[in-house]
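# A look at the structure
Here is how the chains run, residue by residue.
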Amino acid sequence: MTVELFVPCFIDQLFPETAFNTVKVLEKAGCEVVYNPEQTCCGQPAYNAGFWDEAKRIGQKFLHDFSTDRVIVSPSASCTGMIKNAYNDLFTNTMVHNRCRAIQGNIHELSDFLVNILKKDYFGAELEGRAVYHDSCSALRECRIREEPRRLLYRVEGLEMVEMKDTDTCCGFGGTFAVKFEAISSAMAEQKVHHALEMEADFIISTDASCLLHLQGYIDRHGLPIKTMHLVDVLAHGWGNI
């Protein structure tokens with residue numbers, strides 16, 4: 001299968017290795033990966049901040065950067081959720097209505113694509129330690145993803161998965177929320193990290209780099225013995241037994 005890769009600006013600028021690992025995992029799954037270097041942002045930051053006109057201009061570019069007849073895969077539930085849901089606010093009954101609907105039907109978050117479309121959950125990954133999975137708001141509530149990441153992680157050699165308390169509670173990032181309501185945001189991160197530490201976890205894993213950046217910031221500030229990892233970085237880790 002030929003798939004188009006959407007690398008969100010957040011990952012492109014801050015976590016490029018996650019983008020490269022996405023390509024590696026997709027290729028190991030048997031896909032031919034196509035990447036359009038002209039792609040930029042889906043418009044989510046502007047949309048969430050209330051600047052819908054600006055978000056619409058960015059979104060129009062996104063709709064023309066991708067084709068309507070190929071599957072589009074992204075290592076971000078947040079951006080995938082933006083396109084699948086918020087684009088209804090921006091492009092319903094506009095000149096790009098039909099193009100928007102086609103792309104909305106084609107785009108998938110990575111774990112959703114691997115498990116539900118390709119029907120694959122094992123990639124030979126190896127990672128020693130105990131981990132908890134954080135259900136990001138976008139993955140759980142916008143993309144309806146819960147079991148898919150866990151199914152992939154259960155097949156990682158050496159990784160013990162445990163469930164922490166309030167796994168589906170927001171980590172406190174929320175885009176500009178973390179800036180406008182810093183104290184609340186930090187308290188939410190504290191709660192999430194300490195729930196993970198209560199389970200004696202070595203890793204907090206999730207599908208959204210923004211959540212992980214927020215949580216890692218709290219971890220680093222307080223010198224805590226735990227680390228965040230993106231799901232795809234886990235899936236590309238080790239590969240010693242294949």
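Refer to the structure printed above.
What this report covers is the structure whose coordinates are included nearby. Note that the structure is predicted; figures quoted are calculated from it, not measured.

On to helix H5 (residues 77-91), then. Residues separated by three or four positions in an α-helix point in the same direction, a consequence of the helix having 3.6 residues per turn. The terminal C-alpha atoms of H5 lie 20 Å apart, and with 15 residues this matches the ideal 21 Å at 1.5 Å per residue to within 8%. Approximately 40° is the largest bend angle found in H5, and it occurs at Asn85. Listing the buried residues of H5 in full gives Ala77, Ser78, Cys79, Thr80, Gly81, Met82, Ile83, Ala86, Tyr87, Leu90 and Phe91. Tucked into the core, H5 has its buried residues touching helix H3 (44-48), helix H4 (52-65), strand E3 (71-74), helix H6 (97-106), strand E4 (107-109) and helix H8 (137-142). Where H5 begins, the capping side chain belongs to Ser76, and its oxygen is found 3.4 Å from the backbone nitrogen of Ser78. Trailing H5 by a residue or two, Asn93 shows a phi angle of about 60°, which is positive.

Two side chains carrying opposite charge are able to pair once their charged atoms lie near each other. Counted according to the given criterion, the structure contains eight salt bridges. As a salt-bridge pair, Glu4 and Arg70 come within 3.9 Å of each other at their nearest N and O atoms. Placement of the pair is Glu4 in strand E1 (residues 2-5) and Arg70 in the loop between H4 and E3, with a sequence separation of 66 residues. You can call Glu4 buried: its relative accessible area is 6%. The exposure class assigned to Arg70 is partly exposed, which follows from its relative accessible area of 34%. When the shortest N-O distance is used, the salt bridge between Arg151 and Asp121 registers 2.9 Å. Within this pair, whereas Arg151 is found in helix H9 (residues 147-154), its partner Asp121 is found in the loop between helix H7 (110-117) and strand E5 (126-133), the two being separated by 30 residues in sequence. Each of Asp121, Arg151 and Arg155 takes part in a single network of salt bridges with overlapping partners.

Each value, and the rule that gives it
- Residues numbered from 1 in each chain as written.
- Predicted model: local features only at pLDDT ≥ 70, side-chain atom pairs only at ≥ 80, totals over all residues.
- Heavy atoms only, no water.
- Helix = DSSP H or I, 4+ residues; strand = E, 2+ residues; numbered from the N terminus.
- Expected span 1.5 Å × (residues − 1).
- Bend = angle between axes of the 7 residues up to and from the residue.
- Buried < 20%, exposed > 50% of the residue type's maximum accessible area, 1.4 Å probe, protein only.
- Contact = heavy atoms within 4.5 Å.
- Polar contact = N/O pair within 3.5 Å; in protein donor to acceptor, adjacent residues only side chain to side chain.
- Salt bridge = Lys/Arg side-chain N within 4 Å of Asp/Glu carboxyl O.

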